Amino acid sequence: MKAFVIGSDGCVLGFALAGLEGITVRSKDQVDAALDLLMGDPGVALVLISADVAALARDRVDELKINSLQPLLVEIPGQHTGTSYPPLREFVQRAIGVQLERN
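For every chain, the first residue of the written sequence is number 1, and numbering continues from 1 along that sequence. Restriction of local features to residues with pLDDT of at least 70 applies here, the model being predicted, together with a cutoff of 80 or more for giving and counting side-chain atom pairs; totals for whole chains, interfaces and linings are based on all residues. As a rule here, side-chain values cover all heavy atoms of the structure and leave hydrogens and water aside.

Draft legend 1. Main features of the environment of glycine 43. Numbering of helices and strands starts at the N terminus; helices are DSSP runs of H or I of at least 4 residues and strands are runs of E of at least 2. When you line up the elements, glycine 43 lands in the loop between helix 2 (28-39) and strand 3 (44-50). Here the alpha-carbon distance between glycine 43 and methionine 1, two residues 42 residues apart in the chain, equals 5.1 Å. Working rule for contacts: check all heavy atoms of both residues, and any pair within 4.5 Å makes them a contact. If we skip the residues at most four places from it in the chain, glycine 43 touches Met1 and Lys2.

Draft legend 2. Broad picture of the nonpolar core. If you look at the biggest cluster of nonpolar residues, it comprises 17 residues, and the most contacted ones within it are Ile6, Val31, Leu35, Val47, Ile49, Val61 and Leu73. In terms of residues, this core owes the most to one element, helix 2, which gives 5 residues. Excluding anything up to four places from it in sequence, valine 31 contacts Val25, Ile49, Val53, Leu56 and Ala57. Cys11, Val12, Phe15 and Leu48 belong to the second-largest nonpolar core, a separate cluster that totals 6 residues. Nonpolar cores are built from buried Ala, Val, Leu, Ile, Met, Phe, Trp, Tyr and Cys residues. Side-chain atoms within 4.5 Å join them into one set. Burial classification: accessible surface area is computed with a 1.4 Å probe over protein chains only, and a residue below 20% of its type maximum counts as buried, one above 50% as exposed, and the rest as partly exposed.

Draft legend 3. Expanded view of the side chain of serine 50. Here serine 50 lies in strand 3. Here serine 50 falls in the buried class, since its relative accessible area comes to 0%. Setting aside chain neighbours within four positions, we find serine 50 in contact with Ile6, Gly7, Ser8, Cys11, Ile76, Pro77 and Gly78.

Draft legend 4. Representation of the pairing of strand 2 (residues 21-24) in the model. Direction of pairing for strand 1 (residues 2-7) relative to strand 2: parallel, over a ladder of 4 bridges. Of the residues in strand 2, the one forming a bridge with glycine 7 is threonine 24. Every crossover in which the path from the first strand over the helix to the second runs clockwise, viewed with the strands pointing away from the viewer, is termed right-handed. For the crossover from strand 1 across helix 1 (residues 9-16) to strand 2, the handedness is right-handed. For two strands to count as paired, DSSP must find a minimum of two bridges between them.

Draft legend 5. Broad picture of the sheet that holds strand 4 (residues 72-76). Across the sheet, 4 strands lie side by side as 2-1-3-4; this open sheet has parallel pairing. Bordering the open sheet on either side are strand 2 and strand 4, each of which pairs with just one other strand. Recorded for the sheet is a direction-independent mean angle of 20 degrees between the axes of neighbouring strands. In the sheet, strand 1 pairs with strand 3 via 5 bridges, with the strands oriented parallel. Each bridged residue has a counterpart across the sheet, and for phenylalanine 4 the counterpart in strand 3 is valine 47. Only C-alpha atoms enter the line fits that serve as axes; for helices the fit covers just the stretch in contact. Angles between N-to-C directions range over 0 to 180 degrees. In this fold helix 1 packs onto strand 1, strand 2, strand 3 and strand 4, with an angle of close to 155 degrees to the strand it touches most, strand 1. Sitting on the sheet, helix 4 (residues 58-67) touches strand 3 and strand 4, and the angle it makes with strand 4 is about 125 degrees.

Draft legend 6. Fine view of the environment of leucine 72. Positionally, leucine 72 belongs in strand 4. Put simply, leucine 72 and methionine 39 are 33 residues apart on the chain and 8.6 Å apart in space, counted from C-alpha to C-alpha. Leaving out residues up to four positions away in the same chain, leucine 72 has contacts with Ala45, Leu46 and Val47.

Draft legend 7. View of the pattern of salt bridges. We define a salt bridge as a contact between a side-chain nitrogen of Lys or Arg and a carboxyl oxygen of Asp or Glu at a distance within 4 Å. Applying the stated criterion across every chain, the model contains 8 salt bridges. Between aspartate 32 and arginine 60 there is a salt bridge, and its shortest N-O distance comes to 3.4 Å. Taken together, the positions of aspartate 32 in helix 2 and arginine 60 in helix 4 put the pair 28 residues apart, joining distant regions of the chain. Judged by relative accessible area, aspartate 32 falls into the buried class, the value being 16%. For arginine 60, a relative accessible area of 27% translates into the label partly exposed. Residues glutamate 75 and lysine 65 are paired through a salt bridge, measuring 2.8 Å at the closest nitrogen-oxygen approach. Pair noted here: glutamate 75 is in strand 4 and lysine 65 is in helix 4, with a separation of 10 residues, a long-range link. According to the relative accessible area criterion, lysine 65 is partly exposed, its value standing at 32%.

That's the geometry; what it means functionally is another story.
In structure tokens form, the structure reads like this:
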């Protein structure tokens, strides 16, 4: 079983450091296409979607978060979400257990 991330360039890159494959999206159509691809794949167990990207297809994402058991869809912080989530850098650091240095 695999895990994937759907998000912006920075989000997908961050999780690539942890070994997760991802799909970079920039529009609602791309979000829908990525969800169609991953939610229909029986080999995918977990789909992470960044909050900024989830906002592009809010109704569909909310419905899938509530009703989909496999794969499980989990919304994570995005780069510019304006929410009370911890910063993306901190979230990735916790996920992979490695301190990321700022350049």
